[in-house]
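# Architecture at a glance
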Amino acid sequence: MAQDETLSQEETAALHQLAHRLGLWTGLDFQRGGQIMALARYVRGRAARSGGASVPSYVGSLCHPDDPEVLRLVNAVTVGHTWFYRDGQQLEDIARIFRDDIPPSRTIHVWVAGCATGEDAYTLAMLAAREGRQAVVLGTDINSEVLEHARQGSYGAFSARELGGGLERFLIATPGPCYRPVPHVARMVHFQRHNLMDTPIPSASGAGWDLILCRNVLIYFQAGLVPAALERLGSALATEGWLVLGSAEVLDEVSASLAVEPLGSHYALRRARVRPSTPRPVHTPPRPAVPAAPTEKGNPKLARAARLLATSEVEPALKLYEEVLRAEPLCVEARLWLGLAHHLTGDAVSAVRALRGALVLEPALWPAAYYLAVSYEKLGLRAEAQREYQRLLEMMGRDAPLSRENSPLGDLSLWKHEIGGICRRRLEELSKRGGGHG
């Protein structure tokens with residue numbers, strides 16, 4: 001990335017050094033998108049609170065992956081977004097593995113790598129319970145903050161909005177409204193911090209994991225580090241165990257210890273019983289295209305992008321929204337959902353740019369105000385976040401002028417109440433900490 005005009009040469013060099021160092025420690029690609037500028041804002045804020053240190057000196061102090069400051073930084077810049085029953089068709093394919101591939105007398109051992117706030121881990125436990133199976137499910141993530149959320153096991157209506165497959169009976173509604181997994185499901189699941197660059201976690205059985213779910217995590221890795229990460233995950237599988245990635249992830253090469261096998265209408269990796277002699281290149285077919293129906297806006301790309309974003313296929317959705325905007329620069333919906341896509345990739349700078357543009361074109365667009373506030377907080381801009389949360393509360397009485405067909409979040413009215421509660425809590429917390437930056 002070219003040097004930003006607000007950064008000195010010394011700061012730019014230090015930040016690129018930090019991005020390289022973080023990449024070696026975590027595997028994540030901190031050079032992509034607007035991550036360098038997101039790092040810049042975060043590091044400047046932390047340096048100012050560390051006795052007024054300069055950016056280069058603060059970066060120089062970050063010399064170990066387990067340094068509390070490094071862990072805080074990783075928490076700030078990694079993505080933690082998921083929900084129950086995400087990509088339900090793929091999950092039903094996994095349920096068939098539970099039902100047909102694993103002897104009914106045996107406990108199923110599952111590892112959800114990159115579990116974020118934990119909904120995937122609980123969903124797999126629910127699927128096992130639905131099939132009458134006992135399971136041990138481990139959820140791991142590099143972000144310790146999202147793991148705390150996962151351990152609490154309390155979720156809002158937004159996280160449960162797509163729950164299906166008869167799994168509704170495994171959630172208990174509590175005041176809030178909040179939802180908790182029923183006790184016998186919750187007892188199957190536990191969480192632990194883990195870095196995918198480290199040695200894999202062994203299963204409790206000692207025989208390896210029957211299933212490792214690692215969806216849309218490796219898309220954030222540096223490309224050259226992905227094969228080794230797959231090799232590590234594959235080594236932790238039981239013989240003929242399954243490694244399931246996101247249904248739209250495409251692999252250029254797989255480890256010699258893994259075979260590519262069909263899983264429903266898509267493909268997954270399976271621990272080979274006999275190791276082939278050499279790795280082989282493979283190109284897995286992309287997710288089958290769903291015919292796009294005409295929308296209220298008359299642009300089928302918006303509906304297609306919404307379907308991609310709803311199943312966490314963020315990168316292809318982002319490209320589609322950019323294509324729409326090149327043809328229709330004043331398309332409000334494309335700017336809004338492009339902002340959400342950037343937010344999900346961790347590129348808060350680009351998210352702010354897109355969301356502000358959406359609000360200029362349509363000031364009543366409360367979802368844009370919400371994600372703009374969240375992005376400002378990610379960048380350490382508390383005063384700006386407070387302003388957007390306040391604006392959001394003032395516009396909550398109005399309907400967002402959006403077509404449901406183009407919304408990757410479904411019917412927005414279903415979670416407006418929850419968002420209002422979040423805004424009030426965030427305003428209270430930000431007010432206690434004081435306005436301004438950092």
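Here's what I pulled together on the structure shown here. (Residues numbered from 1 in each chain as written. Predicted model: local features only at pLDDT ≥ 70, side-chain atom pairs only at ≥ 80, totals over all residues. Heavy atoms only, no water.)

Okay, the pairing of strand E4 (residues 178–181) next. Bridging between strand E3 (residues 171–174) and E4 involves four bridges; their strand directions are antiparallel. Among the inter-strand pairings, Ile172 is bridged to a residue of E4, identified as Arg180. Between E3 and E4, which pair antiparallel and follow one another directly, the connecting turn spans three residues, one of which, Gly176, has a positive phi of 150°. (Pairing = 2+ DSSP bridges. Helix = DSSP H or I, 4+ residues; strand = E, 2+ residues; numbered from the N terminus.)

Extensive coverage of strand E7 (residues 237–245) is indicated by the burial of seven of its nine residues. Read from strand E6 (residues 209–214) through helix H9 (residues 226–235) to E7, the crossover connection turns out right-handed. Here E7 runs beside strand E10 (residues 266–271); their pairing, made up of two bridges, is antiparallel. Bridge assignment links Trp242 to a residue of E10, and that residue is Arg270. (Buried < 20%, exposed > 50% of the residue type's maximum accessible area, 1.4 Å probe, protein only. Right-handed = clockwise from strand over helix to strand, strands pointing away.)

The subject of this paragraph is the packing of helix H12 (residues 332–345) against helix H14 (residues 366–378). Closest axis-to-axis distance for the H12/H14 pair is 10 Å, and the angle between their directions is 30°. Comparing the axis directions of H12 and H14 gives the class roughly parallel. The element H12 and its partner H14 pack so that their crossing is left-handed. When H12 is examined against H14, the residues Leu336, Leu340 and His343 are found in contact with a partner set consisting of Pro367, Ala368, Tyr371, Val374 and Ser375. Looking at the contact of H12 with H14 residue by residue, the classes come out as six nonpolar, two polar and no charged. (Axes fitted to C-alpha atoms, helices over the stretch in contact; angles between N-to-C directions. Parallel < 35°, antiparallel > 145°, perpendicular 65-115°, else oblique. Left-handed = near helix turned anticlockwise from the far one by under 90°. Contact = heavy atoms within 4.5 Å. Nonpolar A, V, L, I, M, F, W, Y, C, P; charged D, E, K, R; others polar.)

What follows is about helix H4 (residues 68–77). Within H4, seven of the ten residues are buried, which leaves the element mostly enclosed by the surrounding structure. Those residues of H4 lying buried are Glu69, Val70, Leu73, Val74, Asn75, Ala76 and Val77. One side-chain oxygen of the residue at the start of H4 lies 2.7 Å from the amide nitrogen of Glu69, identifying that residue as Asp67. (Polar contact = N/O pair within 3.5 Å; in protein donor to acceptor, adjacent residues only side chain to side chain.)

Spatially, the seven strands line up as an open sheet ordered E5-E2-E1-E6-E7-E10-E9, and their pairing is mixed. Each having just a single partner strand, strand E5 (189–193) and strand E9 (258–263) make up the two edges of the open sheet. Taking each pair of neighbouring strands and ignoring which way they run, the sheet shows an average axis angle of 25°. Each of strand E1 (108–113), E6, E7, E9 and E10 touches H9; the most contacted strand, E7, lies at about 135° to it.

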